[in-house]
Amino acid sequence: MTNPATNPTSIATVSLSGDLAEKLQAIAAAGFDAVEVFENDFLTFDGGPREVGRMVADLGMRISAFQPFRDFEGMPEPLRARGFARAERKFAIMNELGTDLMLICSNVSPQALGGIDRAAADFHELGELAGRFGVRVGYEALAWGRHVNDYRDAWEIVRRADHERIGLILDSFHTLARQSPLSPIASIPGDRIFLVQLADAPKLDMDVLSWSRHFRCFPGQGDLAVAEFMRAVAQTGYAGPLSHEIFNDQFRAGSARRLATDGIRSLIALADQAEPHLPARATVLDVEFIEFALDEDTAADLARLLAALGFRHTGQHVSKAVARWSQGGINLLLNTETDGFAQSHAIMHGPGACAICLRVDDVDQAMTRALGLKIQSFEQAVGPGELHIPAIRGVGGSLIYFTQPSGELGQIWERDFAAVAPAAGAPSPARLARVDHISQSMDYEEMLSWLLFYTSLFALERIPQLAIADPAGLVESRPLVSPEGGVRFVLNGSQATRTLSSRFVSEHFGSGVQHIAFSAPDIFAAVQAMREAGLSFLAIPENYYDDLEARHGLDPAFIDRLRDHHILYDRDGEAEFLQVYTHVFAQRFFFEIVERRGGYAGFGAVNAPVRLAAQAREARPVTMPRSLREL
Ligand SMILES: O=C(O)c1ccc(O)c(O)c1
Ligand SMILES: [Mg+2]
């Protein structure tokens, strides 16, 4: 039985950025057993095949395949003879590389002749040649092959070639992109499959070749049914390598180390999906707290803002300079420690959210799953009697802490915080109830990494990615939501350099929390109370409200109230969404207040360009990088 948790792991060198040596180092560091050497990486390498073979071996890996070999089967003479001569040269190279498997992808040449028996005869003869070199040949159907574009035809050719050195190569992308049925895979004998290649892809309406060459991604990052494909493969008893083969423009530009780690994480998550071996994905019940790392002055400013938003200083950490501000079910921590993690975060990134604590159903299981997915844990010394709160590394080096409803980890506020007596006078009612969503900005190239991180660890569902117009370019926005509404994350990234999202990343040395949205049971009452406390909100242009009236046919009196409160509005069927924004704090992050009516599930994407334009007007002008100014 194929067990994806025990099959050797492999990845094609084409999947990563860098030169061959850099790729191999990143692949080995991530823990892969093998690599598929792409011919182009070999041709551009300044060293012979033996040297490549030695590099791979020295890194403790082996070469799972040498590829691709193109346009071989079904050729008329003299192309046919030339194909055999080319293959012979490559077999000799493979002997020096130290790999025994060549991948031949189905012929795309206009000169190729069809016919299963013709192709089978070519492969039988090639099998004889391969035998003389002690190598094997695997045949893969490209989804755009001229005569063979379905794995079932490739298998029929392999079957009729009837040669022990000729086998089949399955590639999840080609199979799933063509929507070939998966059940016939199960009846292929596992030992006739020489290699299984894995790739996912987002659903896109485009020609399959461009889709494959530019948009493949790791399983779990796209929309294809790779787990179902894996379950079919598992039934064959295939015991060979599972090899990522990702052609992707972002991957080619990204960090090879990060991507190789994502590749391993993807394989682990996929194996777990096909046949569970880790605790289930963690259910997030709520956001326990969000922690800000700040200097004293900025903390005082933020405290004033929080007070105006209706938060109260309710607790003080028993041993650290950490204040708890709360309202409804929301807890915000202001950390002004002068050493430790928060301080180093503040020095590196400026004032901002350095940690998020999530209340999950079971912390031990969440941590076991995280470590199983090779997510880094984080340890920091705790004072005597204080709770040890397990944590992992999240976006931009920030932390994700875990608490749970029961046991010690359900007692963080009692154990680690001393209550602060409420101020005199009648307590004002809570205007804000919960954290509605947390929006994180990141480099565009990192978006798929964090998507995989969040969705492999937590029971979060993806809702479709949106492109939002910032005045300075497009921002991709990717929401991840827990079905029960325990938490929502929105990942933002932009390829344009001057969008608010990109400036956040470039001006603050990395990814992080750009805004936090709180839910209000009554957004009008909340805004009213906050204004009375001296707060003002992001100004929204008059044109927006005129358009709202035209778009939704709302009652003019209601529109007047929205306008007066600077509230943005959206509707989806009967469900309604109201949202309002604070000004940006410390040129760094801002708060949003939302009211969801009737189960509205989105984030007001139609309003995002209006908000971004308003923020761009308020933002300080783009400053030239120092190095340029000094020229
Ligand atoms: O895009 C290609 O040409 C190509 C080459 C080799 C493969 O294994 C593959 O899946 C695609
Ligand atoms: Mg392939």
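Residues numbered from 1 in each chain as written. Chains lettered and ligands numbered in written order. Predicted model: local features only at pLDDT ≥ 70, side-chain atom pairs only at ≥ 80, totals over all residues. Heavy atoms only, no water.

*Asks:* For this particular structure, what's the right way to read the coordination of the magnesium ion (ligand 2)?
*Replies:* Tetrahedral coordination by four donors places them ideally at 109.5 degrees to one another around the metal; octahedral coordination by six donors ideally gives 90 or 180 degrees. Protein ligation of the magnesium ion (ligand 2) involves Glu140 (OE), Asp171 (OD), Gln197 (OE1) and Glu245 (OE), the donor distances falling in the range 2.0 to 2.2 Å. Given 6 donor atoms and angles of 77 to 177° at the metal, the environment of the magnesium ion (ligand 2) is assigned as octahedral. Sequence spacing of the donors to the magnesium ion (ligand 2): E-x30-D-x25-Q-x47-E. Of the two residues, Gln197 sits in strand S7 (residues 193–198) while Glu245 sits in the loop between strand S8 (242–244) and helix H10 (249–253), which places them 48 residues apart along the sequence. Comparing Gln197 with Glu245 shows no difference in burial state: the two are buried. (Donors = N, O, S within 2.8 Å, 3.2 Å for Na, K, Ca; no water. Tetrahedral: all angles 85-135°; square planar, octahedral: opposite > 155°, others 65-115°. Helix = DSSP H or I, 4+ residues; strand = E, 2+ residues; numbered from the N terminus. Buried < 20%, exposed > 50% of the residue type's maximum accessible area, 1.4 Å probe, protein only.)

*Asks:* Honestly, a nonpolar patch on the surface in this entry has me stumped. Any pointers?
*Replies:* Judged by side-chain polarity, Leu204, Met206 and Phe215 come together as a nonpolar surface patch covering roughly 220 Å² of accessible area. On the secondary structure map, Met206 appears in the loop between S7 and helix H8 (208–215). Overall, Met206 belongs to the partly exposed group, its relative accessible area being 32%. (Patch = residues over 30% accessible without salt bridge, like charges linked within 9 Å, V, L, I, M, F, W, Y side chains within 5 Å. Areas by Shrake-Rupley, 256 points an atom, 1.4 Å probe, with all protein chains shown as cover. Salt bridge = Lys/Arg side-chain N within 4 Å of Asp/Glu carboxyl O.)

*Asks:* Could you clarify how one ought to interpret the pattern of salt bridges in this entry?
*Replies:* Opposite charge on two side chains lets them pair, provided their charged atoms get close. Summed over the entire model, instances satisfying the criterion amount to 29 salt bridges. One salt bridge connects Asp272 with Arg369, and the closest N-O pair in it is separated by 2.8 Å. Placement of Asp272 in helix H11 (residues 256–274) and of Arg369 in helix H14 (residues 363–372) is noted, with a sequence separation of 97 residues between them. Arg369 shares its class with Asp272; the two are buried. Where Arg415 meets Glu408, a salt bridge forms, and the shortest distance between an N and an O atom there is 3.0 Å. Given a relative accessible area of 47%, Glu408 falls into the partly exposed group. A network of salt bridges, in which partner residues are shared, links Glu77, Arg80, Asp122 and Glu125.

*Asks:* What exactly am I supposed to notice about the UniProt feature "binding site: a divalent metal cation" (unreviewed entry) in the protein here?
*Replies:* In the numbering adopted here, UniProt assigns the feature "binding site: a divalent metal cation" (unreviewed entry) to Glu140, Asp171, Gln197 and Glu245. These residues run over 106 residues, yet every pair of their C-alpha atoms falls within 12.8 Å of each other. Topologically, Glu140 is positioned in strand S5 (residues 136–140). Owing to a relative accessible area of 2%, Glu140 belongs among the buried residues under this scheme. (UniProt positions renumbered as here; feature names shortened; annotations may be inferred.)

*Asks:* Help me understand the UniProt feature "binding site: Mg(2+)" (unreviewed entry) in the protein, please; the structure alone is not making it clear to me.
*Replies:* Within this numbering scheme, the UniProt entry marks His437, His515 and Glu592 as carrying the feature "binding site: Mg(2+)" (unreviewed entry). In three dimensions, the annotated residues from a span of 156 residues occupy one location, with a maximal C-alpha spread of 9.2 Å. On the basis of relative accessible area, His515 is assigned to the buried category, the value being 4%. When near neighbours in sequence (up to four residues on either side) are disregarded, His515 contacts His437, Ile438, Ser439, Phe590, Glu592 and Arg611. (Contact = heavy atoms within 4.5 Å.)

*Asks:* Please clarify how the nonpolar core should be interpreted in this entry.
*Replies:* When a protein is soluble and globular, its nonpolar side chains tend to lie buried together. Among the nonpolar cores identified, the biggest contains 195 residues, and Phe292, Leu358 and Phe458 are the most heavily contacted of them. It is H11 that contributes the most residues to this core, 9 residues altogether. Every residue in contact with Phe458, bar those within four places of it in the chain, is listed here: Arg281, Ala282, Val284, Leu358, Val360, Ile400 and Phe402. Judged by nonpolar contacts, the second largest core, of 5 residues, contains Ala517, Ala575, Phe577 and Val594. (Core = buried A, V, L, I, M, F, W, Y, C linked by side-chain atoms within 4.5 Å.)

*Asks:* Is there a simple way to think about unusual backbone geometry in this case?
*Replies:* Excluding glycine, residues mostly carry a negative phi; peptide bonds, for their part, are mostly trans. The omega angle of the peptide bond from Gln67 to Pro68 is -5°, so this bond is cis rather than trans. Mapped onto the secondary structure, Pro68 falls in strand S3 (residues 62–69). Omega for the peptide link from Glu77 to Pro78 comes to 5°, which places this bond in the cis form. One can find Pro78 in the loop between S3 and helix H4 (79–97). Here the phi dihedral of Asp162 falls at roughly 50°; this positive angle occurs in a residue that is not glycine. Mapped onto the elements of the fold, Asp162 is located in the loop between helix H6 (151–161) and strand S6 (166–171). Judged by its relative accessible area of 60%, Asp162 is exposed. Backbone geometry at Gln587 places phi at a positive 50°, although glycine is not the residue there.

*Asks:* Looking at this structure, how should I read the packing of H4 against helix H5 (residues 116–133)?
*Replies:* Geometrically, a packed helix pair is captured by the angle between its two axes and the distance between the axes. Relative orientation of the contacting elements H4 and H5 amounts to 30°, with a least axis distance of 10 Å. Taken together, H4 and H5 sit at an angle that is classed as roughly parallel. In the packing of H4 onto H5, the handedness of the crossing is right-handed. Facing Arg80, Phe84, Ala87, Glu88, Phe91, Ala92 and Asn95 of H4, the residues of H5 in contact are Asp122, Glu125, Leu126, Leu129, Ala130 and Phe133. The residue inventory of the contact of H4 with H5, partitioned by class, reads 8 nonpolar, 1 polar and 4 charged. (Axes fitted to C-alpha atoms, helices over the stretch in contact; angles between N-to-C directions. Parallel < 35°, antiparallel > 145°, perpendicular 65-115°, else oblique. Left-handed = near helix turned anticlockwise from the far one by under 90°. Nonpolar A, V, L, I, M, F, W, Y, C, P; charged D, E, K, R; others polar.)

*Asks:* Just checking my understanding: could you explain the sheet that holds strand S14 (residues 377–378) for this structure?
*Replies:* The pairing of strands in a sheet happens through backbone hydrogen bonds and is either parallel or antiparallel. Read from one edge to the other, the open sheet built from 9 strands follows the order S14-S15-S16-S13-S9-S12-S11-S10-S17, with strand pairing classed as mixed. Strand pairing shows two members of the sheet lacking a second neighbour, S14 and strand S17 (417–419), which therefore form its edges. Taken together, the 4 bridges between strand S9 (residues 284–293) and strand S12 (residues 330–335) define a ladder with parallel strand orientation. Across the sheet, the residue bridging to Phe292 is Leu334, located in S12. Here helix H13 (residues 341–349) sits on the sheet in contact with S9, S12, strand S13 (352–360), S14, strand S15 (391–393) and strand S16 (399–403), set at roughly 135° to S13. (Pairing = 2+ DSSP bridges.)

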